[in-house]
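Chain residues, written in single-letter form:
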Amino acid sequence: MKLNRTTQRTVEILKLVSKNPDGITLDDICEKLELPKTSAYDIVTTLAEMGMVNVDRGQRQRYTIGLTAYRIGINYTNNLDFISVIEPEMKAFARELGKTVFFGVRSDHEVVYICKAEPENPIITTATVGTKNPMYCTSLGKAILAYSDDETREQVMNRIKFRKKTERTILDKKSLMAELETVREKGYALDAREVEEHMECVGAPVFGPDGNVLGSISVSSLYKPTEDYEALGRVVLEKSREVSKLLGFLGKI
């Protein structure tokens, strides 16, 4: 059977990119796979357009695995279908709290919602599965960013374009860095009406068996001045720890 050469190269590039979570340059791809630069460029450009890889634009463009590839990959993982582990936990958690629960992952410099669980009488939320929001003003995004490695965090923060959504939105890198330090101290993150004036959200990181942050869980509700969101944060943190352990994480958050 004759194999298509371009298809082979495409698969090899995707495999190589997936093994480099901090990103890989076009030159490195060409060197490692012994590919002509023009051919490799055409392939990665097409993959980027299709969402199979992300492009981190700095002094030298770096490629990371994209959301489309991620969505394909979650249908089958080598050892564990983590979505099948997370979803029932989220549904039970939503019923327990009477609030909407989300699970999100990083997609370039944004967070994308890939699971949503609602209680019996859910509030209306603008976030739906597949939608994206900025990392700097969401509890999901802050939780992921706070526990990402230094290089990834720096790359993401350099890509962020701060935009005011409410009077409470963080609008500069220095303030965000201070906020992320607070997140690491507490173990959970707050979206204190930073995306929508009437919504308050609390999020905590979820780790995979390799010890890297996989995504985060958040709880969303209509803002109530009488609610103790710090106490809710501790509850969400405990749930994120339980989920992380179910996924094989043996460390401490």
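Check the entry above for the structure.
To keep things clear, this report deals only with the structure shown in the data block.

Cut-offs applied
Residues numbered from 1 in each chain as written. Predicted model: local features only at pLDDT ≥ 70, side-chain atom pairs only at ≥ 80, totals over all residues. Heavy atoms only, no water. Pairing = 2+ DSSP bridges. Helix = DSSP H or I, 4+ residues; strand = E, 2+ residues; numbered from the N terminus. Axes fitted to C-alpha atoms, helices over the stretch in contact; angles between N-to-C directions. Contact = heavy atoms within 4.5 Å. Expected span 1.5 Å × (residues − 1). Buried < 20%, exposed > 50% of the residue type's maximum accessible area, 1.4 Å probe, protein only. Arc of directions from axis to C-beta. Polar contact = N/O pair within 3.5 Å; in protein donor to acceptor, adjacent residues only side chain to side chain. Parallel < 35°, antiparallel > 145°, perpendicular 65-115°, else oblique. Left-handed = near helix turned anticlockwise from the far one by under 90°. Nonpolar A, V, L, I, M, F, W, Y, C, P; charged D, E, K, R; others polar. Salt bridge = Lys/Arg side-chain N within 4 Å of Asp/Glu carboxyl O.

Moving on to the sheet that holds strand E8 (residues 199–207). Spatially, E6-E5-E4-E9-E8-E7 is the arrangement adopted by the six strands of the open sheet, whose pairing is antiparallel. Across the chains shown, the open sheet's two edge strands, defined by having one partner strand only, are strand E6 (132–134) and strand E7 (189–192). Within the sheet, the average angular offset between the axes of one strand and its neighbour, ignoring direction, is 30°. Here E7 pairs with E8 via four bridges, running antiparallel. Its bridge partner being in E8, alanine 189 is matched across the sheet by glycine 203. Sitting on the sheet, helix H6 (residues 139–146) is in contact with strand E4 (100–107), strand E5 (110–117), E7, E8 and strand E9 (213–222), with an inclination near 150° to E9.

For the rest of this paragraph, the subject is helix H8 (residues 173–186). Compared with an ideal rise of 1.5 Å per residue, which puts 14 residues at 20 Å, H8 spans 20 Å between its outermost C-alpha atoms and is within 8% of the ideal. Turning to H8, its buried residues are Leu176, Leu180 and Val183. What you see down the axis of H8 is that its buried residues fit within an arc of 55°, all on one side. Those residues of H8 that are exposed and aimed more than 90 degrees away from the buried face are Lys174 and Glu185. Buried-residue contacts for H8 involve H6, helix H7 (150–159) and E7. Backbone nitrogen of lysine 174 and a side-chain oxygen of the N-cap are separated by 3.2 Å at the start of H8; the cap is aspartate 172. Glycine 187 sits one or two positions beyond H8 and adopts a positive phi of about 95°.

Turning our eyes to something else, we now look at the packing of helix H5 (residues 82–97) against helix H9 (residues 229–246). A pair of packed helices is characterised by two quantities: the angle between their axes and the separation of those axes. As a packed pair, H5 and H9 sit with axes 10 Å apart at the nearest point and diverge in direction by 155°. With respect to H9, the element H5 is oriented roughly antiparallel. Considering how the two elements wind past one another, H5 and H9 form a crossing that is right-handed. Of H9, the residues touching H5 (which contributes Val85, Ile86, Glu89, Phe93 and Leu97) are Leu232, Val235, Val236, Lys239, Glu242, Val243 and Leu246. A class-by-class count of the residues in the contact of H5 with H9 yields nine nonpolar, no polar and three charged.

Tallied over the entire structure, the rule returns 17 salt bridges. The residue glutamate 179 makes a salt bridge to lysine 142 at a minimum N-O spacing of 3.0 Å. Remark: lysine 142 occurs in helix H6 and glutamate 179 occurs in helix H8; sequence separation between them is 37 residues. On the basis of relative accessible area, glutamate 179 is assigned to the partly exposed category, the value being 23%. Accessibility expressed as a relative area gives 0% for lysine 142, which makes it buried.

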